[in-house]
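Examination of the molecular architecture
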Amino acid sequence: MSEHVDEVTLSSLVVMKIVKHARENPDASVQGPIVGLVSNNKLDVSDCFPLPQEQYTDSEEDGQAARINLQEMQTAFLACNREVNGDSFSVGWYQVGEMGSFFDRGVALDQYMFQSRVEESVLVVYDPIQIQHNNLVLKAFRLTKKAMRLFENMGDTSEPVSSETMKQLGLTYKSLFEEVPVVLRTPPLARLMMLSLVPEAPLTNEFDRLDSSAEGFMDNDVKLLMGNIGDLSHEAGRYSMYKRTLYRNQDKLKQLAEERKKKNLKALPRAELEAQVGATEPSRLEPMMLNAQIASSSTQMAKLGSTCLGALFLNEALQPTNNQ
């Protein structure tokens, strides 16, 4: 199998299950595994199943237990699908949440776990906020090769990632995840049924597309953006403090290195020398994730603002002026 995926096809059953799971848990970021087949660099997702909300917790120990429960539930689901001759090949997972808010270390590690087992695995993200604005937003993401190498080289998934490691891999927030095009697939019988229902639908005048109000949606995006900028500012302050501490202890670092050289001791790595003078570099992975969230929120706001401006100009053109 090839690790490159050109397209992700979602069946209507998968979309309905994801939307239903999101509606049943409106204030939670829910998720679940997906199954399907891979053929000619195209991933066909045919089914999924939701995980119960109580499986998730902020505690590290409970989080590890939740991952174990996820594996057990996924194994049982695949076994049941196999018994009824359904697709039983795990091809990733889905998550419900505002677009951009899913960029964090936990999500990246979960995606790494799926891709390390099946190279074509994807993360399908559904935004329940946009559906209220008549936009069905479903996107598929994968970790890039650079990001996969980063997590492969990490001995401990919780260890900090240095700026030197980022520089060696050439990893930035733009090269962390790659987006894969999503195509929705409806069975022929379902399309025939929809065509048969069209004549029965009453003809009504709908003006939803002329609605230029987006206060609720913009509020959510602005709050998310402000929170991310505040967190990024905090991370920048931590890194600035590290650089100042490192600058003040340059002479001490040289002295420690020379002492070990005189004693014919093996030279310590730069990070261990810095730790001896109290200059520990904060992880650069979290700021990169925050940058990705800020970029995604900004793109979302730009698209929504463009749609609202278009509706506003259309409303002005339809309304009579005072001179008429």
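Refer to the structure presented above.
The structure reproduced in this document is the subject of the present report. (Residues numbered from 1 in each chain as written. Predicted model: local features only at pLDDT ≥ 70, side-chain atom pairs only at ≥ 80, totals over all residues. Heavy atoms only, no water.)

1. Comments concerning the environment of Asn-153
Counted only if it meets this: Per the convention used, a helix needs a DSSP run of H or I reaching at least four residues, while a strand needs a run of E reaching at least two, with both numbered from the N terminus. Categorising residues by exposure relies on relative accessible area from a 1.4 Å probe, with only protein chains included: less than 20% of the type maximum marks a residue as buried, more than 50% marks it as exposed, and the intermediate range marks it as partly exposed. Whenever two N or O atoms come within 3.5 Å, that pair is a polar contact, provided that in protein one can donate a hydrogen and the other can accept it, and provided that, for residues adjacent in sequence, both atoms are side-chain atoms.
Take Asn-153: it is sitting in helix H4 (residues 145-153). Classification of Asn-153 as exposed rests on a relative accessible area of 60%. A polar atom in the side chain of Asn-153 sits 3.0 Å from the backbone oxygen of Arg-149.

2. Here we look at the environment of Tyr-126
Within the fold, Tyr-126 resides in strand S5 (residues 122-126). It is 7.9 Å that separates the C-alpha atoms of Tyr-126 and Val-19, two residues lying 107 residues apart in sequence.

3. Concerning the pairing of strand S1 (residues 7-11)
If a strand is regular, its side chains alternate between the two faces of the sheet. In plain terms, the rule: A pair of strands counts as paired when DSSP detects no fewer than two bridges linking them.
With four of its five residues buried, S1 lies for the most part within the structure. Where S1 meets strand S3 (residues 42-48), four bridges bridge the pair, whose relative direction is parallel. Bridged to Val-8 within S3 is Leu-43.

4. Comments concerning the sheet that holds S5
Selection criterion: Every angle, taken between N-to-C directions, lies between 0 and 180 degrees, and every axis is a line fitted to C-alpha atoms, over only the stretch in contact when it is a helix.
With mixed pairing, eight strands are arranged side by side in an open sheet as S7-S6-S5-S4-S2-S3-S1-S8. Of all strands in the sheet, those with a lone pairing partner are strand S7 (177-180) and strand S8 (182-185), marking the two edges. Averaged over all neighbouring strand pairs, the angle between strand axes comes to 35 degrees, with direction disregarded. With four bridges connecting them, strand S6 (residues 138-143) and S7 associate as antiparallel partners. Within S7, the residue paired with Phe-141 across the bridge is Glu-179.

5. Here's the deal with the pattern of salt bridges
Filter applied, for reference: What makes a salt bridge here is a side-chain nitrogen of Lys or Arg within 4 Å of a carboxyl oxygen of Asp or Glu, nothing more.
Throughout the structure, instances matching the rule amount to six salt bridges. Put simply, Lys-17 and Asp-47 hold a salt bridge, and the shortest N to O gap is 2.8 Å. Note that Lys-17 is positioned in helix H1 (residues 12-24) and Asp-47 in strand S3, a separation of 30 residues in sequence. The exposure class of Asp-47 is buried, given its relative accessible area of 14%.

6. Description of the packing of aromatic side chains
Here is the rule: When two rings of Phe, Tyr or Trp (its six-membered ring) have centres within 6.5 Å they constitute a pair, described as stacked for plane angles under 30 degrees, edge-to-face for angles over 60, and tilted for the intermediate range.
Scanning all chains against the criterion turns up six aromatic pairs. Arranged with centres 5.7 Å apart and planes meeting at 40 degrees, the rings of Tyr-112 and Phe-151 form a pair that is tilted. You can see Tyr-112 sitting in helix H3 (residues 105-117) and its partner Phe-151 sitting in helix H4, a full 39 residues away along the chain. In this structure Phe-151 comes out as buried when scored by relative accessible area, which is 4%. For the pair Phe-141 and Phe-177, a centre-to-centre distance of 6.5 Å together with 85 degrees between the ring planes defines the contact as edge-to-face.

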